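# Results of the structural survey
Single-letter residue listing:
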Amino acid sequence: MPCVGDWLNSPLSIVQGIFAQNAPNSDWEKKVTEYFKEKLKENNATNWVPSLNDVPVHYLKPNSLVKFRCMVQDMFDPEFYMGVYETVDPNTNARVLHFGKYRDVAECGPQQEIDLNSSQTVTSERQTFYCVPVPGESAWVKEISFLTDHQARVSPSTSYTPSRHKRSYEEDEDMDLHPSKQKEQHMGKSCCCGGDIHGCVEPKRLETEASAGHHVISPNCSPPLDLNFPLPGEKGPACLVKVYESWESFKVNDVLEVFGVLSVDPVLSIVNSEERDSSTLDPMECMDTAEEQRVHSPPASLVPRIHVILAQKLQHINPLLPACLNEEESKTCEFVSNFMSELSPVRAELLGFLTHALLGDSLAAEYLILHLISTVYGRRDVLPLGKFTVNLSGCPRNSAFTEHLYRLIQQLVPAVSIAWAGLGDLFSLIQPGQGRLKCSPAPHLESRADICFGPVLREFVLALAGVHNVTALGNLITWQKVDYDFNYHRMEFPCNINVLITSEGRSLLPSDCQVHLQPQIIPPNMEEYMSSLLTAVLPSVLNKFRIYLSLLRLLDYSISDEVTKAVEEDFVEMRKNNPESVTADDLHKMLLVARFLSLSAGQTTLSRERWLRAKQLEALRKARLQQQQCVNGNEL
């Protein structure tokens, strides 16, 4: 078992050492980042860092190094803090320089004061993000990530036993939402400092945030704290992630992995409560509402702080793939080449698996594969390029087909969510003001959520709320943008979400491609049939399906000039006999199908063979729709 040094258990002591050797030179901050970056490269050291996604906060040592895989849910205004400050001993006049970075409160030893007028004081700026676990993350992602990081959880050197008696989550919440109780306990166990900063035995701490106005509001006039998860029923910690460098590169809905110092200091709740209670500011001078103050400074035990040392955007969240596939590393190249060598049989097995899941319809299974590997690879003006929303119509009536299909897809992709859009559901499907559509992982994140809509859409009169919901869904599907309603104004945020729509007839929601399901079998027991499909697949094969779907959407794709010319000539030839039979939209759709058909075979360029196959698939799909129109005239 590799030795876990102080850099993991006491990262601030490492920072202190580097600071002491290099201060007041500003290079000490860069050296801190480089130190931890090198440490995390050694012997899979990232697996030894405890993860907030797996380990409850009360089991983690305060001020230890932790990691967190999360989505940026919100961002606050930048805040100022004392990056460097000086303390002085009034008796000896001895002065000591300290760093305030990676801390919520400034610390000084016994019989010391912080000299706020010191010329050595450096005021710095940091950005706070409100982050939550990746919404809709599949259970298998959590399980594999937990097994990979299991060493960090069981390692004796990272274990932590709280000195206080362990309380339940409900008791913790009660203590944090009632800071006066916590304050009474704290005052009973330690010396009361009062206003005399010289008489304290324990080291005194001063809040480093220079920005005022963020306080916890009294529970007597506010409801319990809402952690504001994007999807109902989500579990896991929400964190205030404080970023010190390059925060402008992070945006709302970005998915990150951060490594930083965990801060759960109870003094944050006490200080905020005391400042709020003793505040004599003119209400006109306070720009934040009571609710905003409460959201920006929640109890640290409910919403811990992470002071980021290293952070990176994630290309994907599939733990079966290397974290970064862009780097020309030998291990990464070897992994990709080995998997690509067996791509053809994996695709054939996946096609057979999805064919059974779609009740024997192999054509629908082909289009489902193309949908699952599709991604927005760029934007031209406002048009998202690469989105491929599929409307799977003709789904069985009065069965739980959509729900079982959702559960099956949940076993294949890293993140997925389902939203019912029936007659009674459109009124409560999404509430843009509450962020219900913030279920996407980040723009350009390849393993983002797929949303299944079903089961039925019929003609009905929509109330105003229903109209807004349909409009928001339509904008999401068509433009890959989500409207955030801040009451006073709205903002658009780009996203990258695959949307699969299941319906009996053609859906009212827009789509790029409608595929009418033609079941070859109708199981008497749908639940038993779908469950048997997953049971029959070996875990090793299921993992190959997961790697296949995540890896292929990360591949680059191009069309040579020669093939481009051939496609143009073919398009002109198709329009000769009947110009209305093939439109520019049809050409765009065929090129999109050809793109994902090529990628599904592991080919990064379009070949003549794949182009012909794409035309064939589109002809079969259109023939089905024409056949259905003959059976039911209003189907199209």
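Residues numbered from 1 in each chain as written. Predicted model: local features only at pLDDT ≥ 70, side-chain atom pairs only at ≥ 80, totals over all residues. Heavy atoms only, no water.

Applicable threshold: UniProt positions are given in the numbering used here, feature names are shortened, and annotations may be inferred rather than shown by experiment.
An unreviewed UniProt entry annotates the chain as Mini-chromosome maintenance complex-binding protein originating from Hypocryptadius cinnamomeus. Listed in UniProt under the heading Subcellular location (unreviewed entry), the comment for the chain reads: "Nucleus". What UniProt records for the chain under Sequence similarities (unreviewed entry) is the sentence "Belongs to the MCMBP family."

## Description of the packing of helix α2 (residues 11-22) against helix α3 (residues 27-41)
For the record, the criterion: Between N-to-C directions, angles span 0 to 180 degrees; the directions come from axes that are lines fitted to C-alpha atoms, helices contributing only their stretch in contact. The numbering of helices and of strands both runs from the N terminus, where a helix is a DSSP run of H or I of at least 4 residues and a strand a run of E of at least 2. Just so you know how the angles are binned, under 35 degrees is roughly parallel, over 145 roughly antiparallel, 65 to 115 roughly perpendicular, and the rest oblique. Two helices that cross are described as forming a left-handed crossing if the nearer one is turned anticlockwise from the farther one by less than a right angle, and a right-handed crossing if clockwise. We call two residues in contact when some of their heavy atoms are within 4.5 Å. Residues are grouped as follows: Ala, Val, Leu, Ile, Met, Phe, Trp, Tyr, Cys and Pro are nonpolar; Asp, Glu, Lys and Arg are charged; every other residue, Gly included, is polar.
Put simply, α2 and α3 touch, their axes get as near as 9 Å, and they point 140 degrees apart. Between α2 and α3, the angle falls in the class oblique. Between α2 and α3 lies a crossing whose hand is right-handed. Where α2 approaches α3, its residues Pro-11, Ile-14, Val-15, Ile-18, Phe-19 and Asn-22 are matched on the opposing element by Trp-28, Lys-31, Val-32, Tyr-35 and Phe-36. For the contact of α2 with α3, the residue count by class is nine nonpolar, one polar and one charged.

## Structural notes on the packing of aromatic side chains
Put simply, the rule reads: Stacked, edge-to-face and tilted labels apply to pairs of Phe, Tyr and Trp rings (six-membered ring for Trp) whose centres lie within 6.5 Å, assigned for plane angles under 30 degrees, over 60, and everything in between, in that order. We call a residue buried when its accessible area falls under 20% of the maximum for its residue type, exposed when it is over 50%, and partly exposed in between, using a 1.4 Å probe and counting protein chains only. In this analysis the charged atom, NZ for Lys or CZ for Arg, is taken to sit over a ring once it is within 6 Å of the ring centre and within 35 degrees of the ring normal.
Going through the model one piece at a time under the given rule, you end up with nine aromatic pairs. The interplanar angle of 80 degrees and the centroid separation of 5.0 Å between the aromatic rings of Phe-19 and Trp-28 together place this pair among those described as edge-to-face. Each of the two residues, Phe-19 as well as Trp-28, counts as buried. Centre to centre, the rings of Phe-353 and Phe-545 are 5.7 Å apart; their planes meet at 35 degrees, and the pair counts as tilted. Placement of the pair is Phe-353 in helix α11 (residues 343-357) and Phe-545 in helix α16 (residues 539-552), with a sequence separation of 192 residues. The buried category is assigned to Phe-545, whose relative accessible area is 2%. An aromatic cluster is defined as three or more aromatic residues linked by ring pairs; in this entry it consists of Phe-19, Trp-28 and Phe-99. Just above the ring of Phe-99 sits the side chain of Arg-103; from NZ or CZ to the centre is 4.3 Å.

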